[in-house]
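Descriptive structure summary
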Protein chains: 4
Amino acid sequence: MLIRIDPQSPDPIFEQIAFQIKGAVARGDLSDGDKLPSVRELAKDVSVNPNTVIRSYEVLEREGVILRRQGSGCFITGKTSMLNDDERKRQLSLLMRRTVTEAYHLGFSSEDIRKSLDVGLRGVHFRKEKRKK
Amino acid sequence: MLIRIDPQSPDPIFEQIAFQIKGAVARGDLSDGDKLPSVRELAKDVSVNPNTVIRSYEVLEREGVILRRQGSGCFITGKTSMLNDDERKRQLSLLMRRTVTEAYHLGFSSEDIRKSLDVGLRGVHFRKEKRKK
Amino acid sequence: MLIRIDPQSPDPIFEQIAFQIKGAVARGDLSDGDKLPSVRELAKDVSVNPNTVIRSYEVLEREGVILRRQGSGCFITGKTSMLNDDERKRQLSLLMRRTVTEAYHLGFSSEDIRKSLDVGLRGVHFRKEKRKK
Amino acid sequence: MLIRIDPQSPDPIFEQIAFQIKGAVARGDLSDGDKLPSVRELAKDVSVNPNTVIRSYEVLEREGVILRRQGSGCFITGKTSMLNDDERKRQLSLLMRRTVTEAYHLGFSSEDIRKSLDVGLRGVHFRKEKRKK
DNA sequence: GTGGTCTAGACCACA
DNA sequence: GTGGTCTAGACCACG
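The present account deals with the structure reproduced in this document. (Residues numbered from 1 in each chain as written. Chains lettered and ligands numbered in written order. Predicted model: local features only at pLDDT ≥ 70, side-chain atom pairs only at ≥ 80, totals over all residues. Heavy atoms only, no water.)

**Some words on the protein's contact with DNA strand F**
Which entries qualify depends on this criterion: We define proximity as follows: a residue is near a molecule or strand when any one of its heavy atoms falls within 4 Å of that partner. Two N or O atoms form a polar contact when they lie within 3.5 Å of each other; inside protein one atom must be a possible hydrogen donor and the other a possible acceptor, and for residues adjacent in sequence the pair counts only when both atoms belong to side chains. Numbering of helices and strands runs from the N terminus; a helix is a DSSP stretch of H or I covering at least four residues, while a strand is a stretch of E covering at least two. Any residue that is not Ala, Val, Leu, Ile, Met, Phe, Trp, Tyr, Cys, Pro, Asp, Glu, Lys or Arg is counted as polar, Gly included; the first ten are nonpolar and the last four charged.
Looking at DNA strand F, there are 25 residues lining it, with B:Arg55, C:Ile13, C:Asn51, C:Thr52 and C:Arg55 nearest. Each atom of DNA strand F within 4 Å of the protein was assigned to sugar, phosphate or base; sugar and phosphate come to 68%. The separation between a phosphate oxygen of DNA strand F and a polar side-chain atom of A:Ser38 is 3.3 Å. In the model, a phosphate oxygen of DNA strand F is placed 2.6 Å from a nitrogen or oxygen of the C:Arg55 side chain. Among the elements of the structure, α2 (39-46), α3 (50-62) and β1 (66-69) of chain A, α1 (13-27) and α3 (50-62) of chain B together with α1 (13-27) and α3 (50-62) of chain C are those that each provide at least two residues to the surface near DNA strand F. Here the element with the most residues in the surface near DNA strand F is α3(C); it accounts for 3 residues. For the surface near DNA strand F, the per-class residue count stands at 9 nonpolar, 11 polar and 5 charged.

**As for the interface of chain D and chain C**
Rule in force here: Contacts between residues were defined by any pair of non-hydrogen atoms, one from each residue, lying within 4.5 Å. A 1.4 Å probe defines the accessible area here, and the buried area is the portion of it lost by two parts on being joined, summed over both. For this analysis, a salt bridge means a side-chain nitrogen from Lys or Arg found within 4 Å of a carboxyl oxygen belonging to Asp or Glu.
Every contact between the two is made by 46 residues of chain D and, on the other side, 42 residues of chain C. Carbon and sulfur atoms make up 69% of the surface buried where chain D meets chain C, a total of about 4400 Å² over both sides. Its largest share of buried area at the contact with chain C, chain D owes to D:Tyr104, D:His105 and D:Leu106, together 17% of the area lost on that side. Linking chain D to chain C there are 5 salt bridges. As a salt-bridge pair, C:Arg114 and D:Asp118 come within 2.4 Å of each other at their nearest N and O atoms.

**Topic: the relation of the copies chain B and chain A**
To keep it simple, the criterion reads: For this overlay, a least-squares fit was computed on C-alpha atoms, restricted to residues scoring pLDDT of at least 70 in both copies.
By a simple turn and slide, chain B fits onto chain A: the slide is 0.2 Å along the axis, the RMSD is 0.7 Å, and the turn is 178 degrees. Taken together, the rotation angle and the small translation identify this as a two-fold axis. Among all residues of chain B, the minimum C-alpha distance to the rotation axis is found for B:Thr99, at 3.5 Å. Taken as a fraction of all interface residues of chain B, those also at the interface in chain A reach 93%, which identifies the copy contact as same-surface.

**Concerning the relation of the copies chain D and chain C**
What relates the pair of chain copies is a rotation about an axis plus a shift along that axis. After a rotation of 178 degrees and a shift along the axis of 0.2 Å, chain D superposes on chain C with an RMSD of 0.7 Å. When the interface residues of chain D are mapped onto chain C, 91% of them again fall at the interface, so both copies present the same face.

**Some remarks on the environment of D:Leu42**
All names here are of chain D. Relative to the helices and strands, Leu-42 resides in helix α2 (residues 39-46). As for Leu-42 and Val-53, which are separated by 11 residues in sequence, their C-alpha atoms are 7.2 Å apart. Ignoring any residue separated from it by four or fewer positions in sequence, one finds Leu-42 in contact with Ile-3, Ile-17, Pro-37, Val-53 and Tyr-57.

**A word on the pattern of salt bridges**
All chains considered together, the criterion is met by 36 salt bridges over all chains. B:Asp85 serves as the salt-bridge partner of B:Arg88, at 2.8 Å between the closest nitrogen and oxygen. Of the two residues, B:Arg88 and B:Asp85 are both situated in helix α4 (residues 85-105); the distance of 3 residues between them amounts to about one turn of the helix. In this structure, the salt-bridge partner of C:Arg27 is C:Asp29, at a minimum N-O distance of 3.0 Å. Ionic contacts of the salt-bridge type, sharing partners, join the residues A:Lys22, A:Glu63 and B:Glu102 into one network.

**Digging into the protein's contact with DNA strand E**
Around DNA strand E lies a shell of 25 residues, among which A:Ile13, A:Asn51, A:Thr52, A:Arg55 and D:Arg55 are the nearest. Counting only atoms of DNA strand E within 4 Å of the protein, the fraction found in sugar and phosphate groups is 69%. A:Phe14 has a polar backbone atom sitting 3.5 Å from a phosphate oxygen of DNA strand E. Between DNA strand E and the protein, one listed contact pairs a base nitrogen with a side-chain N or O atom of C:Arg40 at 2.7 Å. Sorting the residues of the surface near DNA strand E by element identifies α1 (13-27) and α3 of chain A, α2 (39-45), α3 and β1 (66-69) of chain C together with α1 (13-27) and α3 (50-62) of chain D as the ones contributing at least two each. If one sorts the elements of the surface near DNA strand E by residue count, α3(A) sits on top with 3 residues.

**Side note on the interface of chain B and chain A**
Taken together, the contact pairs 45 residues of chain B with 43 residues of chain A. Broken down residue by residue, the surface that chain B buries against chain A is led by B:Tyr104, B:His105 and B:Leu106, which jointly contribute 17%. Elements with a contribution of two residues or more to the side of chain B that touches chain A: α1, α4 and α5 (110-122) of chain B. Partitioning the side of chain B that touches chain A into residue classes produces 17 nonpolar, 14 polar and 14 charged.

**Here's the deal with the pairing of strand β1 (residues 66-69) of chain B**
The test is simple: The rule for pairing is simple: two strands pair if DSSP sees at least two bridges between them.
Bridge analysis of β1(B) against strand β2 (residues 73-76) of chain B gives 4 bridges, and the strand direction is antiparallel. In the sheet register, B:Arg68 faces β2(B), and the bridge partner there is B:Cys74.

**Overview of the environment of A:Leu117**
Considering the arrangement of structural elements, one finds A:Leu117 in helix α5 (residues 110-122). Beyond its immediate chain neighbours, meaning those up to four positions away, A:Leu117 contacts B:Met96, B:Val100, B:Ile113, B:Arg114 and B:Leu117.

**Some thoughts on the environment of C:Ala103**
With respect to the helices and strands, C:Ala103 occurs in helix α4 (residues 85-105). C-alpha of C:Ala103 to C-alpha of C:Ala18: the two residues are 85 residues apart in sequence and 24 Å apart in space. Not counting chain neighbours up to four residues away, the residues in contact with C:Ala103 comprise C:Phe108, C:Ile113, D:Leu92 and D:Leu95.

**A closer look at the packing of helix α4 (residues 85-105) of chain A against α4(B)**
As a reminder, the rule being used: Every axis in this analysis is a line fitted to C-alpha atoms, fitted for helices over the stretch in contact. Angles between the N-to-C directions lie between 0 and 180 degrees. Roughly parallel means an angle under 35 degrees; roughly antiparallel, over 145; roughly perpendicular, 65 to 115; everything else is oblique.
Two numbers describe how α4(A) lies on α4(B): the axes approach to 11 Å, and their chain directions differ by 175 degrees. The pairing of α4(A) with α4(B) is recorded here as roughly antiparallel in orientation. Counting all contacts with α4(A), which are made through A:Leu92, A:Leu95, A:Met96, A:Thr99, A:Glu102 and A:Ala103, the residues of α4(B) involved are B:Leu92, B:Leu95, B:Met96, B:Thr99, B:Glu102 and B:Ala103. When grouped by side-chain class, the residues that make up the contact of α4(A) with α4(B) number 8 nonpolar, 2 polar and 2 charged.

Shown next, in the form of structure tokens:
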């Protein structure tokens, strides 16, 4: 579980931590039931205040990615978003609109963008999950 | 040039404005040489503080999307990112990693994600530009 | 907007604040678009640290009850949960099981319990909202 | 006497145990004079630390649900709350206010809520007990 | 003025 | 040992 913080990033530290954990889950490096490093341990590793780690874990818990249990630690749930379908679709659509616009302004063609997405998708471990349509 | 602020969005207003202009450029609604509304005019249109509009224009200028000329106004440059190729590729890669991770946690399959990207791409007007890979 | 903290309560302060705001929304005392007191103001009113109020507001934002906008303040959204139906039903069922069990152990009959629920329901302002089943 | 711990639940283990015993009493699965499993036995059954079970039993004793007798074990008292009537009514009212508020924010109608309560009540075995209102 | 992030450090609760 | 809450106070970002 290697977390790296970029102090130059405009993104707050707690979000960087949370995102990297989400990335590890998406890649399959962390999965259902796995234990995260303790708050104090991770705080020491990345040299931030424990409160900042707690905040990251809070965010992840509210998104349903992890579970926090007093006295025992934090664990990956293996679940994805519990939002309703309208909201999930809305968020996906927003995300893609943003992505495409930014990629366009970086000067890439639609073919470049599609290829880059495929590269990204190859790194993700999709589970065979049943989800009601 | 229709800008709409979503008061429900967590994004700051200046970013929403900048992003919508970038979106208009990507769609081809605005192109090389087109003049943007004046700061005051746009501020009045969307009912925000002129300082907020100025900030949006600053962002766009820094990204090379527009050019601000003293006294005559702001114009679309029609150029994409001025970064070097390595940096552009790095940013595209980062962007896609982020996109894929978030989409995964929203509970979408790789097929859903690809389709959603295609929908996004369909809205963009790509120019036939030669650019080194 | 009167918030009262019970320092004796086992519930953390930030939850007490969040819950009272949810109560005000349910009663109709606060509705769509209404502005909440500023973080500093409320912190002063209830004599707690501003960070504690921020935390309450964070919770409410994540539940979709309010919106926080830098520079302008926090506002009621007027929306209810964005969770999917399975999760909503699961939570309602858990809530009711807990409620009934506790009420039973307080020594009340099913008739008492039903009446008490009705009293509670009378205080709530239900909107005519369309929600897909 | 089947106790099941939900590792997904945010509630502490000792509360889950205590609550499930209260639930069994409410359903009539356990009644006046029934003996609870010994601390060690139950701890082994649900794979938790004996201290955790002890804590659950302490909670139940404090609420009057069980009686702990040195050397002989723990027994269901069959009694409900020992609080005076004003306090009991106050607690019921608080409970219902909380329940209704949460159910409202989950997006349920008053009819949904009433139905869900009825479902919950159907699982409870009410005794014909005389108690002053 | 608004909200947001982070630190340091005290103290509490659960297993 | 684990996580959770709260305070005090510095400093940043948005409008």
